[in-house]
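These are the residues of each chain, in order.
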Amino acid sequence: MASATQFINCRQCVSGALVCSPLTIDSNGRIIPNTPLPENTQTIDLKNAIVSPGFLELQINGALGFHFAHYGEPTTYQAGVQKLAQYLPKTGVTGFCPTVPTVSSSVFKQVLPFLKPEDIAYSASVLGAHVEGPFLAPSKKGAHDAANMHIPASSSLENIYGEENLKDSIRVLTLAPELPGALEHIEKLTKEYDVKVSMGHSAADFQQGKEGMKAGANLITHTFNAMNPLHHREPGLPGLLSDPSPPYFSLIADAIHLHPRVVGIAYRSSPSRCILITDSIELSGLPDGIYPGHAQIPFNQLKEGNKVTIENTNTLIGTCIGLDECVRNLMAWAEIPVQEAVRCVTENVALALGLKDRGKLEVGRRGDFVVLDYEGVVKETWILGKKIAAGV
């Protein structure tokens, strides 16, 4: 058995540049120095391919018919999480934050114990949950259930999510910073629970966004969607993108949620803070057609390509785009090469979440990487130095 594997003839994506260098991964799946090589090191020739760190998905609601907010019983739910973890590497994803939108406290407490950070064999890692609610502005609820929304000042974090879930499962939490008590929740989340706070589904003005950042928020959720627009007299949350110390900000680059030019403008405002997300729903990965609704969307759903609407209406339910397609869209819309675009699904995400073990191809980090062509098409995905999937 080889003690290590050295990948040669590859061009690594490093901070927006292509660096010609071998990549060496030991038998434990960790990146090690290229010299000296351990005995019995095997060599794999990547034939001048582009190599990116494994993609990291900050916001995904489901795929293949499974939704993280829909709980039946433990065995079925766990199987759904594992099914997604096995599927996502086909799109280059090696780690993801399962996202739970606004649901009742009882549902949060049912599902969150199954969404703790976890490495699943031959699959993408669960990075911990992204809870998107219930502390959201009802006027910016989007597809969220306003009946389950709460005001921070009148609902404790522990009562909503459970103290153990705050400690063990939740990695990111989206809230509206202008709500009464929100700033206190932000401070508690960041200081006591080490949870990253993202501002979204919010009617906040620019100053309220600044106050959210001062309290500890470091992200904006699906920028421009479910928030006040960028206005020349009141820039709102989008105005923070050009701050001297801007927050990280996520974009849904699907040409459904955002116009391509808006994606390009946002990226250009701060490339080192831009994060691409799919925010995809449970019909992602399924054929086009009509699908039954559920508790959140009690109507038939029509899937046409990446777009899902309520049948016989133009009402948007969500998108089914893959993260690899988001990368290719950013390349086209911002007119940038693949090595610049992948920052928005790798190191920017790792920096936003404080992840030290992934997101960059550095010694000591996980040997998770994606083999790409110049157009951003995923050819292979490797996790801990093992080939897991070929591209879709």
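Remember, it's a predicted structure, so these values are computed and weren't measured experimentally.

This brings us to the environment of Gly-142. Along the chain, Gly-142 turns up in the loop between β11 (129-132) and α3 (157-161). Through-space distance from the C-alpha of Gly-142 to that of Gly-128 is 24 Å; in sequence the pair is 14 residues apart.

Moving on to the side chain of Lys-303. With respect to the secondary-structure elements, Lys-303 resides in strand β18 (residues 301-304). Taking relative accessible area as the criterion, Lys-303 reaches 6% and is therefore assigned buried. From its side chain, Lys-303 meets the backbone oxygen of Leu-286 in a polar contact 3.1 Å long. A distance of 2.9 Å separates a polar atom in the side chain of Lys-303 from the backbone oxygen of Gly-305. If sequence neighbours within four positions are ignored, Lys-303 has contacts with Leu-283, Leu-286, Pro-287, Asp-288, Gly-289, Tyr-291, Val-308 and Cys-320.

Defined simply, a disulfide is a covalent bond joining two cysteines at their sulfur atoms. In total, this model carries zero disulfides according to the counting rule given. The closest cysteine sulfur to the non-disulfide-bonded Cys-274 is located on Cys-344, 3.9 Å from its own sulfur.

Let's shift gears to unusual backbone geometry. Residue Pro-36 is reached from Thr-35 by a cis peptide bond, and omega for that bond is -10°. Across the junction of Gly-133 and Pro-134, the peptide omega takes the value 10°, indicating a cis bond. In this structure, Asn-48 is a non-glycine residue whose phi angle is positive, near 70°. Mapped onto the secondary structure, Asn-48 falls in strand β5 (residues 41-53).

Once that is clear, we can look at the nonpolar core. Core analysis: the biggest nonpolar cluster contains 83 residues, and Phe-55, Phe-68, Phe-96, Leu-112, Tyr-161, Leu-276 and Leu-330 have the highest contact counts within it. Per-element accounting of this core gives the leading share, seven residues, to helix α8 (residues 323-334). Contacts of Leu-112, omitting those with residues within four sequence positions, involve Ala-129, Val-131, Tyr-161, Asn-165, Ser-169 and Ile-170. One finds Leu-56, Ile-252, Ile-277 and Leu-353 within the second-largest nonpolar core, a separate group that totals 15 residues.

For α8, which comprises 12 residues, the first-to-last C-alpha distance of 16 Å matches the rise-based estimate of 16 Å (1.5 Å per residue) to within 8%. Of all 12 residues making up α8, nine are buried, and the element is well covered by its neighbours. Regarding α8, the residues found buried are Leu-323, Asp-324, Cys-326, Val-327, Asn-329, Leu-330, Met-331, Trp-333 and Ala-334. Where α8 is buried, its residues touch β6 (55-60), β9 (93-100), α7 (260-269), β16 (274-277), α9 (338-341) and β22 (378-383). One or two positions beyond α8, positive phi appears at Glu-335, with a value near 55°.

For helix α1 (residues 74-87), with 14 residues, the first-to-last C-alpha span of 20 Å sits near the 20 Å given by 1.5 Å per residue. Among the residues of α1, those classed as buried are Tyr-77, Gly-80, Val-81, Leu-84, Ala-85 and Tyr-87. On its buried side, α1 packs onto β6, β7 (62-63), β8 (66-67), β9, α2 (105-111) and β10 (125-126). The backbone nitrogen of Thr-75 lies 3.1 Å from a side-chain oxygen of the residue at the head of α1, namely Glu-73.

Tallied over the entire structure, the rule returns 13 salt bridges. A salt bridge links Arg-328 to Asp-324, with the shortest nitrogen-to-oxygen separation between them at 3.5 Å. Taken together, the positions of Arg-328 and Asp-324, both in helix α8 and four residues apart, correspond to about one turn of that helix. On the accessibility criterion, Asp-324 (8% relative accessible area) is buried.

Scoring rules and cut-offs
- Residues numbered from 1 in each chain as written.
- Predicted model: local features only at pLDDT ≥ 70, side-chain atom pairs only at ≥ 80, totals over all residues.
- Heavy atoms only, no water.
- Helix = DSSP H or I, 4+ residues; strand = E, 2+ residues; numbered from the N terminus.
- Buried < 20%, exposed > 50% of the residue type's maximum accessible area, 1.4 Å probe, protein only.
- Polar contact = N/O pair within 3.5 Å; in protein donor to acceptor, adjacent residues only side chain to side chain.
- Contact = heavy atoms within 4.5 Å.
- Disulfide = S-S within 2.5 Å.
- Core = buried A, V, L, I, M, F, W, Y, C linked by side-chain atoms within 4.5 Å.
- Expected span 1.5 Å × (residues − 1).
- Salt bridge = Lys/Arg side-chain N within 4 Å of Asp/Glu carboxyl O.

Interpretation note: all reported values are geometric properties and have no functional meaning in isolation.
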